[in-house]
Amino acid sequence: MKKYGLLFIAGICLVVFAFGHLHWKNMIQAAGIEGKKAEVRIKEKEKEEREALLQSLKPENNKKKSLIDYLHYKALTQDKVIVSLIGSNGTSGTGSTNSSNSWTGRLEKSLRSERDELEKLGVINHGKEGYTTNDLLEGKKIDAVIHDKPDLVIFENPLINNQYQSISLEQTEKNLKNIMSKLQKELPNAKILIISPNPVANGKTENSLGLNYSDYIQASEQVIKKNKWTYLNSKEEIEKKLSKKNLRLADILTNDNIHPNDQGHYIWFEVLQEYFKLKK
């Protein structure tokens, strides 16, 4: 009798165990199904958010957008985003203690950290110390930029060297037109930002043609304005910041009174960083 009782209890235990196992299995399956549904909902929400972001950044829907917005949109719709830099001493980083302290190095780091998608942004620097507008054309630097197939070109007009080497205003203007014509023709979908060089301490000193640095700035600005090219007067904006920070020009230049030091490059970077966020 006792034996049958034990068998009966064992049978009940087996039944309970079987039902328990089946219930647990069903619970796991149900949890798995809910988990997959939740994953689908998350992906759908991410897709919706991405689409909404794309629509907000789309050029047709966003007439006034910043350069950051423009690069962000490119990063969302392309495998890679390229920014090409071209110019002379300022772009090459002359005066800074290392490339990371130059305005170009700081700008690259800032752009990559601005939006998650911009981590893949590539910056190619074609700046060459001592180059004039003549050298940029003859030294194939414009061709190198075109070869990059960039989405954005930042062109530092090398007017300090043009003035120092006594290149005429007529030739400077002609070179500027040729450079822009070539870039616009070969890179029709790229944005091109022209920037002036930095302020210098001897800006009123005249060259062998009787021209000073300001003469070159003004002559170039007339051509830029006439052609409605995108332009940032770095010299003027840096001077404004010096006034706000109560700094002298000598504080941000190296001993040659021409090239920006690390502090000068940082202020130049600040000017560009603010411009990149400006809606226009």
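Use the structure listed above.
The structure presented is a predicted model; accordingly, all values stated were derived computationally and were not measured. (Residues numbered from 1 in each chain as written. Predicted model: local features only at pLDDT ≥ 70, side-chain atom pairs only at ≥ 80, totals over all residues. Heavy atoms only, no water.)

Participant: Account for the packing of helix α4 (residues 103-114) against helix α11 (residues 262-277), with residues named and values stated.
Facilitator: As a packed pair, α4 and α11 sit with axes 8 Å apart at the nearest point and diverge in direction by 35 degrees. Seen along the crossing, α4 lies across α11 with a hand that is right-handed. The residues of α11 that touch α4, namely those facing Trp103, Arg106, Leu107, Ser110, Leu111 and Glu114, are His265, Tyr266, Trp268, Phe269, Leu272, Gln273, Phe276 and Lys277. Residues of the contact of α4 with α11, tallied by class, amount to 8 nonpolar, 3 polar and 3 charged. (Axes fitted to C-alpha atoms, helices over the stretch in contact; angles between N-to-C directions. Helix = DSSP H or I, 4+ residues; strand = E, 2+ residues; numbered from the N terminus. Left-handed = near helix turned anticlockwise from the far one by under 90°. Contact = heavy atoms within 4.5 Å. Nonpolar A, V, L, I, M, F, W, Y, C, P; charged D, E, K, R; others polar.)

Participant: Pulling in residues and values, what's your account of the packing of helix α10 (residues 234-245) against α11?
Facilitator: Where α10 contacts α11, the axes come no closer than 9 Å and their chain directions differ by 110 degrees. It follows that α10 is roughly perpendicular to α11 by the angle criterion. Along this stretch, α10 crosses α11, giving a crossing that reads as right-handed. On the side of α10, the interface is formed by Ser234, Glu237, Ile238, Lys241, Leu242 and Lys245, while α11 contributes Ile267, Trp268, Glu270, Val271 and Glu274. (Parallel < 35°, antiparallel > 145°, perpendicular 65-115°, else oblique.)

Participant: Outline the nonpolar core, listing residues and values.
Facilitator: In this structure, Leu71, Trp103, Leu107, Ile154, Ile195, Leu272 and Phe276 are the most contacted members of the largest nonpolar core, which totals 29 residues. Going through the elements one at a time, α2 (67-77), β1 (82-86), α4, β3 (152-156), β4 (191-195), α10 and α11 are the ones with two or more residues in this core. Tallying contributions element by element places α11 first for this core, with 7 residues. Counting 19 residues, the second-largest nonpolar core is a separate cluster that includes Ile86, Leu183, Ala190 and Trp229. (Core = buried A, V, L, I, M, F, W, Y, C linked by side-chain atoms within 4.5 Å. Buried < 20%, exposed > 50% of the residue type's maximum accessible area, 1.4 Å probe, protein only.)

Participant: I'd love a proper account of a nonpolar patch on the surface, names of residues and values included.
Facilitator: A contiguous nonpolar surface patch, about 340 Å² in accessible area, is contributed by Trp24, Met27 and Ile28. Summarising the element assignment, Ile28 is placed in helix α1 (residues 2-57). Note on Ile28: relative accessible area 46%, which makes it partly exposed. (Patch = residues over 30% accessible without salt bridge, like charges linked within 9 Å, V, L, I, M, F, W, Y side chains within 5 Å. Areas by Shrake-Rupley, 256 points an atom, 1.4 Å probe, with all protein chains shown as cover. Salt bridge = Lys/Arg side-chain N within 4 Å of Asp/Glu carboxyl O.)

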